[in-house]
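# An overview of the molecular structure
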Amino acid sequence: MSTNTHKKSASSENTGFICNTPSSTSRKSCNRILLEWSDLAYSVKQKKHRTKILKGVSGFANPGQILAIMGSSGSGKTSLVSILSNQIIPQRNIKISGTVSINGTDIKKVDYSIYSRYVMQQDIVLPTLTPREALTYAARLKIKGNHDFITERVNQVIEDLKLTKIADKLIGNELIKGLSGGEKKRVCIGLELISEPQILILDEPTSGLDSFTAELVIKLMKQQAQNDKTIVVTIHQPSSNIFAMFDRLILMVEGNFVYQGCASKSLEYFNDIGYNCPDMMNPPDYYMRVLFIRNRTSMTDDESQRLEMFTDTYKKNEEIVFEEINKNELLEIDSESNSFRAGFFIEISVLLQRAWKNTMRNPMMVMLKFMQLLTMAIILDLIFHDLGYNMKGVQNRQGVLFNSVIHFVMTSSQTNSMSFPIERPIFLKDYKEALYGVTPYILAKMITELPLQIICTLLYSVVFYFALDLNLESADKFFIFFGIMLLIHLCGAAYGNLAGAFSKDVLASTIWGPTIAAPLMMFGGFFSNGNSFSSSFYWIKYVSAYYFGFVALAINEFTDLDLGSDVMIPPLKSLGINGEIWENAGSLLLIVLGCIVLTICALKYYGEQSKS
Ligand SMILES: Nc1ncnc2c1ncn2[C@@H]1O[C@H](COP(=O)(O)OP(=O)(O)OP(=O)(O)O)[C@@H](O)[C@H]1O
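Every chain is numbered independently, its residues counted from 1 as its sequence is written. The predicted nature of this model means local features are confined to residues of pLDDT at least 70 and side-chain atom pairs, given and counted, to a pLDDT of 80 or more, with totals for whole chains, interfaces and linings taken over all residues. Excluded from the side-chain calculation are hydrogens and water; included are all heavy atoms of the structure.

### Some points on empty space enclosed by the protein
To keep things clear, this is the line we draw: Using a grid of 1 Å spacing that covers the protein atoms alone, one calls a set of points a cavity when a 1.4 Å probe fits there but cannot get out, and a pocket when the set is open and has protein on both sides within 12 Å along at least five of seven lines; lining residues are those with an atom within 4 Å of a point. Grid points are joined across faces, edges and corners, and a volume is the space filled by probe spheres set on the points. A run of H or I in DSSP counts as a helix once it spans at least four residues, and a run of E counts as a strand once it spans at least two, with each numbered from the N terminus. Any residue outside Ala, Val, Leu, Ile, Met, Phe, Trp, Tyr, Cys, Pro, Asp, Glu, Lys and Arg is labelled polar, Gly included; the first ten of those are nonpolar and the last four are charged.
Using the criterion set out here, one finds four cavities of 30 Å³ or more in the structure. Put simply, the largest cavity is a space of about 170 Å³. Lining the largest cavity we find 16 residues, and of these A134, A138, L191, R354 and D430 sit closest to its centre. Counting only elements with at least two residues in the lining of the largest cavity, the list comes to α4 (131-142) and α14 (391-432). Top contributing element to the lining of the largest cavity by residue count: α4, with five residues. Here the residues of the lining of the largest cavity sort into 11 nonpolar, no polar and five charged. A volume near 60 Å³ is recorded for the second largest cavity. Taken together, Y118, V119, M120, Q122, I124, C188, L191, E192 and K429 form the lining of the second largest cavity. Of all the elements in the fold, those that place two or more residues in the lining of the second largest cavity are β6 (116-119) and α6 (181-193).

In C-alpha cells, the structure reads:
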C-alpha cells in the first residue's frame with residue numbers, strides 16, 4: 001500500500017471497523033485507539049538554512065501493543081514523538097506537513113489531550129511531594145470526581161505502577177533525599193496515566209536507568225498495552241529482555257525510517273538484505289552499529305550509500321508494513337468533547353496545598369531565611385546598641401534603617417528569584433497541559449509565603465527595634481515599623497518572583513537580581529539626597545522599594561523624636577524627605593501589585609511560548 005492509499009484508509013475506509021455507540025458499556029469494549037501518521041515532514045529554519053528533521057515518514061501504532069522507536073542520537077526520534085503527541089506547533093521557522101490521526105480523525109480536530117499523554121525524557125515533578133500527593137493533586141486537576149473516586153483512581157495507579165512501598169516517601173532531588181531514578185520515572189508516568197489516556201507516548205523512559213529498572217518500566221508499559229492501550233516509546237539501546245517485550249519496531253536514520261514492523265521479525269529482515277546479526281550479539285546493538293553515522297554533516301561515501309540502500313529497501317517494502325494495521329474495536333472519537341478543567345477554586349486550593357507543602361518541606365530554605373534575618377538584627381544590635389539622640393545618633397539611626405531595608409529587599413528577592421527557576425519547568429509543563437492559569441498559580445505562591453514572611457519580619461522587628469531603642473514616643477510606632485518592614489519584605493519577594501519569571505535558570509536570576517537592585521538602591525534616598533536626583537533618572541525612585549521603604553521608616557522614626565540640641569537641621573529635612581507614611585506605604589503596595597502583574601504577564605508569555 002502506498003503512502004497515499006494509506007492516507008485514504010486512515011480517513012475513510014476504517015469507519016466500518018469503528019463501534020458506533022459511544023455509550024459507557026460499548027466504550028469498555030471499544031476503547032482502542034489506532035494512532036496513524038502519514039507523510040510527516042518536519043523542518044526547522046536556522047538563520048538562512050532549513051534543516052530537514054523528519055523526511056516524510058508514515059506509520060502507525062496499534063492499540064494493545066508497544067511500538068518502540070529506535071535510532072542513533074539525532075535521528076529524529078524525539079521530534080517524531082513530539083509531533084505524534086502534538087507538542088510541536090508550526091511557527092515562522094518551524095514547518096510541519098503531513099497528518100497525524102487517531103482512529104481516522106485528525107488530531108487537530110479533537111481535544112487530543114483526552115486521548116493521548118506524553119511522558120517527557122526529563123522527570124518534571126515537585127521534589128517536596130510524595131508520589132501519593134503528586135498523583136492526588138494531578139488527579140484533582142485532571143479528572144472529574146469526588147474525593148472517593150479520586151482516591152480510588154490514585155490507589156489504582158499506585159498499584160499498577162508498583163509504587164505502593166514508596167507512595168508516601170518524598171520524591172526528592174539532588175538536595176532532598178528521595179526516590180531512585182526508576183521510581184521517579186514511574187511517578188512521572190503515573191501523572192499522565194491518572195487521566196486514563198488510551199495512548200501513552202514516552203520519550204526515552206529508560207535512559208539513565210540500570211537494566212533491571214529499565215526492564216521493570218517497560219514491563220509495566222507492556223501491562224498497560226495488554227489493557228488495550230497504545231504505547232509508543234523511544235529507546236536507545238534496549239537489552240535483549242526489553243527488546244523481546246516490544247511488539248513493533250521502527251528504526252530511524254537521519255529523519256527516515258529504515259525498518260517498520262514486527263520487532264521479532266526485524267532480524268529476519270536485516271538478514272534478507274545482507275546484514276546478519278552475529279549469534280552472540282543483541283539485535284538492537286547490531287542495528288545501532290550498522291545504522292551508525294559518524295558525522296551527520298559530512299557523511300562518508302560508504303555511509304551515504306548504506307543509508308540510501310536502507311531507505312530505498314524500506315520504501316520498496318512499505319506497502320507490506322501497513323498490512324499489520326489493527327482496526328478492531330476502535331473507539332469512536334468524539335470531536336465535541338473537551339478535557340476536564342478543574343475551575344478557579346479547585347485550582348487555587350490544590351496549588352495552595354502543594355505550595356504550602358513545598359515551602360514547609362524545604363527546611364533549609366526556611367532556616368536560612370530565619371538565620372539571615374536574625375543574624376543581621378543581632379549584628380546591628382551589637383554594633384549600634386546605644387544610638388543616642390545627638391547628631392551621631394541621627395546618622396546611626398538613618399544607617400540602621402537603610403541597612404534593614406537593603407537586607408530585607410535583598411534576602412527576600414534572592415530567596416524567591418532562586419527558588420522560582422526550580423519550579424518554573426513544573427509550572428510550564430502544567431500550563432502547557434492547561435491544568436491551571438497563571439493567576440491562581442501566582443496567588444497561591446504569594447499566599448503560602450505570607451505566614452513565613454510575617455513571622456520572620458515580626459522576629460526581626462522585635463529583636464531590632466527594642467534592642468536598638470528606636471522611637472518609642474508612642475506605642476503605634478513599633479507596629480507601623482513592623483507594617484512597613486512587612487511591605488518591604490513583600491516588595492523584595494515580588495522583585496524576586498519577577499526576576500525568577502524572566503530567568504530560565506538559577507544562574508541567570510542570580511546575575512540579573514543584583515544588576516537591577518544596584519540602581520534601585522542608589523535611588524533609595526539614603527546615599528543621595530531625595531531632592532538631588534537627576535531629572536532623567538528621577539523616575540527610578542518610583543519603582544524603588546528602597547526609596548519608599550526608607551522614607552516611610554525615616555518618617556516613622558524621626559517624627560516626634562526628642563533630639564539633642566546639636567541637631568540643628570531636622571533629619572527629615574536634611575534627607576529631603578517630606579510627605580506622609582501612608583503615601584509611601586501605598587507606593588510599596590503598588591510596587592508589589594505592579595510586580596505581580598508583570599510576573600503574570602511574563603509567565604503567560606513564556607507559558608504560551610512553551611506550547612510551541
Ligand atoms: N527545534 C529545533 N531546532 C533546531 N534543530 C532541531 C530542533 N529540533 C530538533 N532538532 C535537530 O534535529 C535532529 C533530531 O533531533 P531529535 O531530538 O529528534 O533526535 P533524537 O533521535 O531524539 O536524538 P537523541 O536520541 O539524542 O535524543 C537533531 O540534530 C536536533 O539537533
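Still to come is the rest of the account.
### Some thoughts on the pairing of strand β2 (residues 49-61)
The side chains of a regular strand alternate, first on one face of the sheet and then on the other. To keep it simple, the criterion reads: A pair of strands is considered paired only if DSSP assigns at least 2 bridges between the two.
As paired strands, strand β1 (residues 35-46) and β2 are joined by 10 bridges and run antiparallel to one another. The partner of E36 across the bridge, within β2, is F60.

### Focus: the domain arrangement of the protein
Put simply, the rule reads: Boundaries of every domain are those given by an automatic assignment or by a domain database.
Split into domains, the protein comes out as domain 1 (29-115 + 231-329) and domain 2 (365-433 + 451-611). Using only C-alpha atoms to locate each centre, domain 1 and domain 2 end up separated by 56 Å.

### A short note on the pattern of salt bridges
So the rule is basically this: One side-chain nitrogen of Lys or Arg within 4 Å of one carboxyl oxygen of Asp or Glu is enough to make a salt bridge. Think of it in three bands: residues with accessible area under 20% of the maximum for their type are buried, residues over 50% are exposed, and the middle band is partly exposed, with areas taken using a 1.4 Å probe on protein chains only.
Summed over the entire model, instances satisfying the criterion amount to 20 salt bridges. Across the pair R248 and E324 runs a salt bridge whose closest N-O atoms are separated by 3.2 Å. With R248 in strand β9 (residues 248-253) and E324 in the loop between α11 (301-321) and α12 (344-360), the pair connects residues that are 76 residues apart, well separated along the chain. Judged by relative accessible area, E324 falls into the partly exposed class, the value being 32%. Where salt bridges share partners, they join R117, K142, E192, K429 and E433 into one cluster.

### Comments concerning the state of the cysteines
The line we're drawing: Two cysteine sulfur atoms form a disulfide, by the criterion used here, when they sit within 2.5 Å.
Counted according to the given criterion, the structure contains zero disulfides. Left unpaired, C491 is separated from the closest cysteine sulfur, that of C595, by 7.0 Å.

### Re the packing of α6 against helix α7 (residues 211-226)
To describe two helices that pack against each other, one gives the angle between their axes and the distance between the axes. Put simply, the test is: Lines fitted to C-alpha atoms define the axes here, with helix axes fitted over just the stretch in contact, and angles between the N-to-C directions of these axes take values from 0 to 180 degrees. Angle categories: roughly parallel below 35 degrees, roughly antiparallel above 145, roughly perpendicular from 65 to 115, and oblique for all the rest. Here is the rule for handedness: rotate from the far helix to the near one, and if that takes an anticlockwise turn smaller than a right angle the crossing is left-handed, while a clockwise turn gives right-handed. We call two residues in contact whenever any of their non-hydrogen atoms come within 4.5 Å of each other.
Close contact between α6 and α7 brings their axes to 10 Å; oriented N to C, the two are set at 20°. The pairing of α6 with α7 is recorded here as roughly parallel in orientation. Judged by the sense of rotation from one axis to the other, the crossing of α6 with α7 is right-handed. Of α7, the residues touching α6 (which contributes G182, R186, I189 and L193) are T213, L216, V217, L220, M221 and Q224. For the contact of α6 with α7, the per-class residue count stands at six nonpolar, three polar and one charged.

### Quick notes on the site of the ligand
So the rule is basically this: Residue proximity to a molecule or strand is established when one non-hydrogen atom of the residue lies within 4 Å of it. Any N or O atom pair separated by 3.5 Å or less is treated as a polar contact, with the protein-specific requirement of one donor-capable and one acceptor-capable atom, and with residues adjacent in sequence counted only for side-chain atom pairs.
Surrounding the ligand, one finds 15 residues, the nearest of these being S73, G74, T78, S79 and R296. Between the ligand and G74 there is a distance of 2.9 Å, counted from an oxygen atom to a backbone nitrogen or oxygen. The contact in question runs from an oxygen atom of the ligand to an N or O atom on the side chain of K77, over 2.9 Å. Among the elements of the structure, β1 and α3 (77-84) are those that each provide at least two residues to the shell around the ligand. The class makeup of the residues in the shell around the ligand is three nonpolar, nine polar and three charged.

### Things to note about the sheet that holds strand β7 (residues 199-203)
Strand order in this open sheet of six strands is β6-β7-β8-β3-β9-β10, and the pairing throughout is mixed. Looking at the sheet topology across the chains shown, the edges are occupied by β6 and β10 (256-262). The sheet shows a mean angle of 15° between the axes of neighbouring strands, taken without regard to direction. As paired strands, β7 and strand β8 (residues 230-235) are joined by five bridges and run parallel to one another. Among the inter-strand pairings, D203 is bridged to a residue of β8, identified as T234.

### Observations regarding a nonpolar patch on the surface
Keep this limit in mind: Exposure above 30% relative accessible area and the lack of any salt bridge qualify a residue for a patch; like charges then connect within 9 Å, and the nonpolar side chains Val, Leu, Ile, Met, Phe, Trp and Tyr within 5 Å. Computed by Shrake-Rupley with a 1.4 Å probe, the accessible areas treat only the displayed protein chains as cover when residues are assessed.
On the surface, a nonpolar cluster with roughly 410 Å² of combined accessible area is contributed by F344, F345, L443 and I447. For the nonpolar patch, the elements supplying multiple residues, two or more each, are α12 and α15 (438-467). By relative accessible area, which is 68% here, F345 ends up exposed.

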